[in-house]
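So you can see what is in the structure, the chains are spelled out below.
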Amino acid sequence: MTAMPLLKVENLRTYFPVRTGVLQRVTSHVKAVDDVSFEIREGETLGLVGESGCGKTTVGRTILRLIRATGGRVLYKNRNIFELSASRMRRLRREMQIIFQDPVGSLNPRMRVGRIVGEPLKVHGISSGDELRARVGDLLQRCGLRPDAAGRYPHEFSGGQRQRIGIARALALQPRLVICDEPTSALDVSVQSQILNLLKDLQESSGMSYLFISHDMAVIHHVCDRIAVMLDGRIVEIGDRDQIINDPQHDYTRALLSAVPEPDPRRRRTRIRYERTPT
């Protein structure tokens, strides 16, 4: 018998109204997410990959109710989170967190790192005082930073270090599901590998699940167990990592794979262009 998935997304739709004219009447909708379905199991990493503007970030934010869904269901441990009250959703946020793409814009420049990382613990009434400071120091160490970083401001750190601060904040409440929204796209290649390895190590030690959102198929291949390929608001292909990488079924997936740089300069990869069907 197959175990119940940690997260189940069913026919998710997120449309944004287009308003025109002096009265700003709604004349049409942008279908950012259109009938998307997938599952994530305990301890699994599902990669959601596609080009910029395909709707993958909107999927992640809609799951967390940071954006209102137009339709569909999101079941977390078999509970439809769209039906939860504000107070119940607040409690559920302890189990569902997000790592944002921009390590600069996601950190308050007027707050010291210790307050940034410790704020979730304080807001949810988990710890305070000396216990809070000790937990913040431990979180920073787990994410590869010195405990004394707590007394400094975000601008005093490099981009990779700032992303580690963001990861420490996301892990403060010991979540079961973390949505990683392009967590390495703003970083140098050498720093990207450090952050990816950190995320894998943290997953192995805690057993949490990831929805890993990226436009980079090479990154997705490195960190994910399964891959969902997204195009124009829809998932066009989903399956195990090796099956998607070695035997893609959709032309768009083949085009994404052909764009991955070839590490051997003596070999050349034939670039495939995906042509959209006119509507």
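Just so it is clear, the model here is predicted, and its values are computed rather than measured.

A. Representation of the overall build of the protein chain within the structure. Regarding its fold elements, the protein chain presents nine helices and 10 strands. Relative to the 2.2 N^0.38 estimate, which gives 19 Å for 279 residues, the radius of gyration of the protein chain is 20 Å and therefore close to what a compact globule would have. Here the protein chain, with 279 residues, has 45% of them falling under the buried criterion. For the protein chain, the proportion of contacts with a sequence separation of at least 24, taken over those separated by at least 6, is 65%. A total accessible area of about 14900 Å² is found for the protein chain, and carbon and sulfur atoms account for 46% of it. One finds the centroid of the 43 positive side-chain charges in the protein chain at a distance of 7 Å from the centroid of its 32 negative side-chain charges.

B. Spotlight on the sheet that holds strand S6 (residues 96-99). An order of S6-S7-S8-S3-S9-S10 is seen for the six strands of this open sheet, with the pairing classed as mixed. Among the strands making up the open sheet, the edge pair consists of S6 and strand S10 (234-240). Ignoring which end each strand starts from, the neighbouring axes of this sheet average 15° apart. Looking at chain direction, strand S3 (residues 45-49) and strand S9 (residues 226-231) are connected through four bridges and run parallel. Paired with Gly47 across the two strands is Ile227, which belongs to S9. In this fold helix H9 (residues 251-258) packs onto S3, S9 and S10, with an angle of close to 105° to the strand it touches most, S9.

C. Geometry of the packing of aromatic side chains. Going through the model one piece at a time under the given rule, you end up with one aromatic pair. Positioned over the ring face of Phe157 is Arg152, at 4.3 Å from the centre of the ring.

D. Fine view of the sheet that holds strand S1 (residues 7-20). What the four strands build is an open sheet, ordered S2-S1-S4-S5; its pairing is antiparallel. Strands at the two margins of the open sheet, each flanked by one partner only, are strand S2 (25-40) and strand S5 (79-80). Direction of pairing for S1 relative to strand S4 (residues 71-76): antiparallel, over a ladder of five bridges. Bridging from a neighbouring strand, Arg13 pairs with Gly71 of S4. Lying over the sheet, helix H1 (residues 56-63) contacts S1, S2 and S4, oriented at roughly 110° with respect to S1.

Conventions we followed
- Residues numbered from 1 in each chain as written.
- Predicted model: local features only at pLDDT ≥ 70, side-chain atom pairs only at ≥ 80, totals over all residues.
- Heavy atoms only, no water.
- Helix = DSSP H or I, 4+ residues; strand = E, 2+ residues; numbered from the N terminus.
- Rg over C-alpha atoms; globule rule 2.2 N^0.38 Å.
- Buried < 20%, exposed > 50% of the residue type's maximum accessible area, 1.4 Å probe, protein only.
- Contact = heavy atoms within 4.5 Å.
- Areas by Shrake-Rupley, 256 points an atom, 1.4 Å probe, with all protein chains shown as cover.
- Lys, Arg positive; Asp, Glu negative; His and termini not counted.
- Charge placed at Lys NZ, Arg CZ, Asp CG, Glu CD.
- Pairing = 2+ DSSP bridges.
- Axes fitted to C-alpha atoms, helices over the stretch in contact; angles between N-to-C directions.
- Phe/Tyr/Trp six-rings, centres within 6.5 Å; stacked < 30°, edge-to-face > 60°.
- Lys NZ or Arg CZ within 6 Å of the ring centre and 35° of its normal.

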